Amino acid sequence: MTGGHQPTLRAPATGQGERGGQLHREDEELLARFEALVAAGETVEPRDWLPDGYRRMLIRQIAQHAHSEIIGMQPEGAWLTRAPSLHRKAALLAKVQDEAGHGMYLYSAAETLGVDRADLMDALHRGQQRYAATFDHPALTWADTGAIAWLTDGAAVVNQAPLTRTSYGPYARAMRRVCQEEAFHVRQGYDQLLSLSRGTPEQHRMAQDAVNRWWLPAVALMFGPPDTEAGGAGAAVGSAVSRRAIAWGIKQHTNDELRQRFVDLVVPQAESLGLSLPDPAIRWNPERGHHDFGPIDWPCYRRALAEGTHWARRRLAHREAAHRDGAWVREAAEAYARRDGDETAEVAS
Ligand code: BYC
């Protein structure tokens, strides 16, 4: 438990949470104590009693997050063999490996909620759980790796920095490590785009083209659906999901608040890069104290999510193939762990 220590608020992990939507008296007391714990800014730990809805919301968000990290390796990973120098190749290789590591931290955090990572992986492969559709776009040139790191990782840092204070301890701790690495990726992407922007006219054009293509996937899809509209392909309403997540201390800000923070942050960075953002409506609004930006075509994104796209199918097919190819590694690791367990038991007996 972290934060101001208030052991009296803590409930034992004995209850089963909501039963069929009906709260029993004992559950009501547990729920009240849980909500007081969250309201007091305490961190909830796996040993604590958790309402089923909270557990489900966390599993859904952490799984979606973990899946985004590992699927997100694909667009940049496609350039590993074509990096223009050893220095750039080493940096990109380290970044792509970092994203795999983020996935692993997050699957571990999800497992503390009582799910198995193999089941989460199955759910991803069967299309039952999502990943950020940002990565359903191709990386067409080398400059795309810079634009992804600057814009997509930049958006991720803005979205995830508040998650370092999320109410669920294992998720918050994973986020601290992830955010430090993501912040470094943003610098890396910025540096890469700066070299291209200051290079030959052709290199400058390449950087601008990549920024033009990655701007909307970052600003629209890294922050989720808008606060005021129905979200996703299903009946879920973005604002309702956000409100619940905020009430439970999972999130601190709505999707649109974070989106605005990202736009405000990135506009001056684009200027210092000598690149423009592909939205003519972007301008400083002194009354709001924020940059205005153009409307996002949400129905178009929702249709793409509902119907699937060529790149979504490719991403998932590639992931499934990698999973199949890695079966022997998992089997060997499990056999090794079993042998290790047998030897420990032998020593103990
Ligand atoms: N794409 O629940 P709602 C990275 C779905 S990766 C596809 O209102 P919420 C990186 C949503 O699942 C880091 N689907 O959305 C890696 C739901 O569908 P279901 C990614 C989306 O929770 C490699 C429905 O729409 N960061 O940094 O308010 C290289 C309704 O949505 C999307 C995180 O994951 C989408 N974009 O907002 C480089 C951060 N958005 O489940 C970089 C943690 C929504 O009902 N995650 N849907 O079928 C979050 O903060 C939130 O999950 C989101 C979504 C902001 C992403």
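This text gives an overview of the structure that appears in the document. (Residues numbered from 1 in each chain as written. Predicted model: local features only at pLDDT ≥ 70, side-chain atom pairs only at ≥ 80, totals over all residues. Heavy atoms only, no water.)

**Some remarks on the overall build of the protein**
- When you go through the protein residue by residue, the secondary structure sums to 13 helices and two strands.
- For the protein, the proportion of its 349 residues judged to be buried stands at 47%.
- Within the protein, contacts between residues separated by at least 24 positions form 77% of all contacts whose residues are at least 6 apart in sequence.
- Here the protein displays about 17400 Å² of accessible surface, and carbon together with sulfur accounts for 55% of that area. (Helix = DSSP H or I, 4+ residues; strand = E, 2+ residues; numbered from the N terminus. Buried < 20%, exposed > 50% of the residue type's maximum accessible area, 1.4 Å probe, protein only. Contact = heavy atoms within 4.5 Å. Areas by Shrake-Rupley, 256 points an atom, 1.4 Å probe, with all protein chains shown as cover.)

**Re the side chain of Gln 61**
- Secondary-structure assignment places Gln 61 in helix α2 (residues 52–71).
- With sequence-adjacent residues up to four places away left out, Gln 61 is seen in contact with Leu 163, Tyr 171, Ile 250 and Lys 251.

**Some thoughts on the packing of aromatic side chains**
- Here the structure, examined in full by the defined rule, presents six aromatic pairs.
- Aromatic side chains Trp 215 and Phe 262 sit 5.9 Å apart centroid to centroid with 20° between the ring planes, which places their arrangement in the stacked category. Here the residue Trp 215 occupies a position in helix α8 (residues 201–221), and Phe 262 occupies one in helix α10 (residues 255–273), the gap between them amounting to 47 residues.
- Judged by its relative accessible area of 2%, Trp 215 falls in the buried class.
- Here Phe 262 falls in the buried class, since its relative accessible area comes to 1%.
- A ring pair is formed by Trp 298 and Tyr 301, whose centres lie 6.2 Å apart and whose planes are at 55°; its orientation type is tilted. With Trp 298 and Tyr 301 both in helix α11 (residues 298–307) and three residues apart, this pair spans about one turn of that helix. Accessibility assignment for this pair places Trp 298 and Tyr 301 in one class, buried.
- An aromatic cluster is defined as three or more aromatic residues linked by ring pairs; in this entry it consists of Phe 34, Trp 49, Tyr 54 and Trp 248.
- When the ring centre of Trp 79 is taken as origin, the NZ or CZ atom of Arg 82, which lies over that ring, is 3.9 Å away.
- Just above the ring of Trp 248 sits the side chain of Arg 244; from NZ or CZ to the centre is 4.0 Å. (Phe/Tyr/Trp six-rings, centres within 6.5 Å; stacked < 30°, edge-to-face > 60°. Lys NZ or Arg CZ within 6 Å of the ring centre and 35° of its normal.)

**Some details on the site of the ligand**
- Near the ligand lie 35 residues; those nearest to it are Arg 60, Gln 64, Ala 133, Leu 221 and Asn 255.
- The contact in question runs from an oxygen atom of the ligand to an N or O atom on the side chain of Gln 64, over 2.5 Å.
- In this structure, a nitrogen atom belonging to the ligand sits 3.2 Å away from a side-chain N or O atom of Gln 160.
- Protein contacts shield 92% of the accessible area of the ligand, which totals 1100 Å² for the unbound molecule.
- Of all elements in the fold, only α2, α4 (86–111), α6 (143–160), α7 (169–197) and α9 (238–247) reach the threshold of two or more residues within the shell around the ligand.
- Among the elements that make up the shell around the ligand, the one with the highest residue count is α2 (six residues).
- Taken together, the residues that form the shell around the ligand break down as twelve nonpolar, 14 polar and nine charged. (Near = heavy atom within 4 Å. Polar contact = N/O pair within 3.5 Å; in protein donor to acceptor, adjacent residues only side chain to side chain. Nonpolar A, V, L, I, M, F, W, Y, C, P; charged D, E, K, R; others polar.)

**With respect to the nonpolar core**
- Counting 85 residues, the largest nonpolar core has Phe 34, Tyr 54, Trp 150, Leu 151, Trp 215, Phe 262 and Leu 277 as its most contacted members.
- Excluding residues within four positions of it along the chain, Phe 262 makes contact with Leu 151, Gly 154, Ala 155, Val 158, Trp 215, Ala 218, Val 219 and Phe 223. (Core = buried A, V, L, I, M, F, W, Y, C linked by side-chain atoms within 4.5 Å.)

**Observations regarding the packing of helix α12 (residues 310–325) against helix α13 (residues 327–348)**
- It is the contact of α12 with α13, at a shortest axis distance of 4 Å, that shows an interaxial angle of 40°. Our classification of the angle between α12 and α13 gives oblique. The segment α12 lies against α13, with His 323, Arg 324 and Asp 325 engaging Ala 327, Trp 328 and Arg 330.
- Per-class residue counts for the contact of α12 with α13 are two nonpolar, one polar and three charged. (Axes fitted to C-alpha atoms, helices over the stretch in contact; angles between N-to-C directions. Parallel < 35°, antiparallel > 145°, perpendicular 65-115°, else oblique.)

**Comments concerning α10**
- Taking 1.5 Å of rise per residue, the 19 residues of α10 would be expected to cover 27 Å, and the 27 Å separating its terminal C-alpha atoms lies within 8% of that figure.
- Among all positions in α10, only Asn 255, Leu 258, Arg 259, Gln 260, Phe 262, Val 263, Asp 264, Val 266, Val 267, Ala 270 and Leu 273 are buried.
- Where α10 terminates, the next one or two residues include Gly 274, which has phi positive at roughly 75°. (Expected span 1.5 Å × (residues − 1).)

**What to know about the environment of Arg 319**
- Inspection of the secondary structure assignment puts Arg 319 in helix α12.
- Residue Arg 319 is classed as buried on the basis of its relative accessible area of 14%.
- Not counting residues up to four positions away in its chain, the partners in contact with Arg 319 are Ile 70, Ile 71, Gln 74, Met 121, Leu 124 and His 125.
- Here His 125 takes part through its side chain, which lies 3.3 Å from a polar atom of the side chain of Arg 319.

**Side note on the packing of α8 against α10**
- Axis separation between α8 and α10 bottoms out at 9 Å; the angle between their running directions is 145°. The segment α8 lies against α10, with Trp 215, Ala 218, Val 219 and Ala 220 engaging Arg 259, Phe 262, Val 263 and Val 266.
- Class assignment for the residues of the contact of α8 with α10 results in seven nonpolar, no polar and one charged.

**Section: the pattern of salt bridges**
- Enumeration over the complete set of coordinates arrives at ten salt bridges.
- One salt bridge connects Asp 191 with Arg 88, and the closest N-O pair in it is separated by 3.0 Å. Placement of the pair is Asp 191 in helix α7 and Arg 88 in helix α4, with a sequence separation of 103 residues.
- The class for Asp 191 is partly exposed, based on a relative accessible area of 36%.
- Given the relative accessible area of 15%, Arg 88 is considered buried.
- Notably, a salt bridge pairs Arg 288 with Asp 292, separated by 2.9 Å at the nearest N-O pair.
- Judged by relative accessible area, Asp 292 falls into the partly exposed class, the value being 24%.
- Through salt bridges with shared partners, one network takes in Glu 76, Lys 95, Glu 99 and Asp 153. (Salt bridge = Lys/Arg side-chain N within 4 Å of Asp/Glu carboxyl O.)

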